[in-house]
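Structural overview
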Amino acid sequence: MTEDRVTEDGIIEDRDGAARRVIRPALPAEAPAVATLHVRARATYYPDGVPDDGTDWPAVWRGAVERPDGTVLCVVEDGAVTGIASFRTPEGAPADTVKLFQFHVDPDRWRAGIGTALHAACTERWRAAGKRSAVLDVHVDNHRAQSFYAALGWLPDPENPPAEGDHHLCLRYAVTGE
């Protein structure tokens, strides 16, 4: 197994210098592909399938990509979007806090290091922006994601304990320096 390194351009290279994937800001034209990945990933933790509430997910993702105060990163491998992360400072939160609103990896590519690399890219951007704390909500039935986040150092957010009947858990991450 080779060690990966992230270049300044967001390209992940193996020890021999061969590019394997690119992590970069998503483009508005990629919103349909991002939306498809989002729905496929969410379907894995909804026992009865993703609720159809009429949301136009490509439009939602296009808005997230174009939002000037937010960031949507995507992982691209061989021209296909295989991972996505959306984050920004939520309204009313301290300036040194960032919220990870969406984080998904193509279920066909789980356990390939995409999520770990994408999380590292997010963390690096948060550090560069002076963020000290990150928060997220994870679905209570998404045990795979909960384990993933716990392994990376995310902990239950003591300021936001789950309410009775809530379908999400709030997690917090300390964004530390190198």
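Scroll up to find the structure this text is about.
Residues numbered from 1 in each chain as written. Predicted model: local features only at pLDDT ≥ 70, side-chain atom pairs only at ≥ 80, totals over all residues. Heavy atoms only, no water.

Here the focus is the pairing of strand E7 (residues 133-139). For a regular strand, side chains alternate in direction, first toward one face of the sheet and then toward the other. Extensive coverage of E7 is indicated by the burial of six of its seven residues. In this sheet, E7 lies alongside strand E6 (residues 97-105) in parallel orientation, the contact comprising four bridges. Note that in E7 the partner of Leu100 across the bridge is Leu136. The handedness of the E6 to E7 crossover, carried by helix H3 (residues 114-128), is right-handed. Where E7 and strand E9 (residues 168-174) come together, seven bridges link them in antiparallel fashion. Across the sheet, residue His139 finds its bridge partner in E9, namely His168. (Buried < 20%, exposed > 50% of the residue type's maximum accessible area, 1.4 Å probe, protein only. Helix = DSSP H or I, 4+ residues; strand = E, 2+ residues; numbered from the N terminus. Pairing = 2+ DSSP bridges. Right-handed = clockwise from strand over helix to strand, strands pointing away.)

Our next topic: the pairing of E9. For strand E8 (residues 155-156) and E9, the ladder comprises two bridges, and the chain directions are antiparallel. In the sheet register, Leu155 faces E9, and the bridge partner there is Arg172.

When the terminal C-alpha atoms of H3 are compared, their 21 Å separation across 15 residues agrees well with the 21 Å that a helix rising 1.5 Å per residue should span. Among the residues making up H3, those that are buried are Ile114, Gly115, Ala117, Leu118, His119, Ala121, Cys122, Thr123 and Trp126. A positive phi of about 80 degrees marks Gly130, the residue just after H3. (Expected span 1.5 Å × (residues − 1).)

Turning our attention to the packing of aromatic side chains. Tallied over the full model, the rule gives eight aromatic pairs. With 5.6 Å between their ring centres and 90 degrees between their planes, Phe87 and Trp126 make a pair best called edge-to-face. Of this pair, Phe87 sits in strand E5 (residues 80-88) while Trp126 sits in helix H3, and the two are 39 residues apart along the sequence. Taking the relative accessible area as the measure of exposure, Phe87 reaches 6% and is therefore buried. Take Trp126: its relative accessible area is 1%, and that puts it in the buried class. Grouping aromatic residues by their ring pairs yields a cluster made of Phe87, Phe103, Trp126, Phe148, Tyr149, Trp154 and Tyr173. (Phe/Tyr/Trp six-rings, centres within 6.5 Å; stacked < 30°, edge-to-face > 60°.)

Let us now look at the nonpolar core. Grouped burial of nonpolar side chains is what soluble globular proteins tend to show. Ranked by size, the top nonpolar core spans 24 residues in total, and within it Leu100, Trp126, Tyr149 and Trp154 carry the most contacts. Mapped onto this core, the elements with two or more residues apiece are strand E4 (70-77), E5, E6, H3, E7, helix H4 (143-151) and E9. Examining the composition of this core, we find that six residues originate from one element, H3, more than from any other. When neighbours within four sequence positions are excluded, Trp154 is seen to be in contact with Leu100, His119, Trp126, Ala134, Val135, Leu136, Tyr149, Leu171, Arg172 and Tyr173. With 13 residues, the next largest nonpolar core counts Ala31, Ala64, Val65 and Ile84 among its residues. (Core = buried A, V, L, I, M, F, W, Y, C linked by side-chain atoms within 4.5 Å. Contact = heavy atoms within 4.5 Å.)

For Asp78, which is not a glycine, the phi torsion comes out positive at approximately 50 degrees. Note that Asp78 resides in the loop between E4 and E5. Assessed through its relative accessible area of 84%, Asp78 is described here as exposed. Of note in the backbone geometry, Arg111 takes a positive phi value of approximately 70 degrees without being a glycine. Within the secondary structure, Arg111 is located in the loop between E6 and H3. Taking the relative accessible area as the measure of exposure, Arg111 reaches 80% and is therefore exposed.

This next bit is on the environment of Val98. Examined against the element boundaries, Val98 turns out to sit in strand E6. In this structure, the C-alpha to C-alpha distance between Val98 and Val175, residues 77 residues apart in sequence, is 9.6 Å. Discounting chain neighbours no more than four positions away, the residues touching Val98 are Phe87, Arg88, Thr89, Pro90, Trp126, Lys131, Ser133, Ala134 and Val135.

Function-wise, these values are silent; they only describe arrangement.
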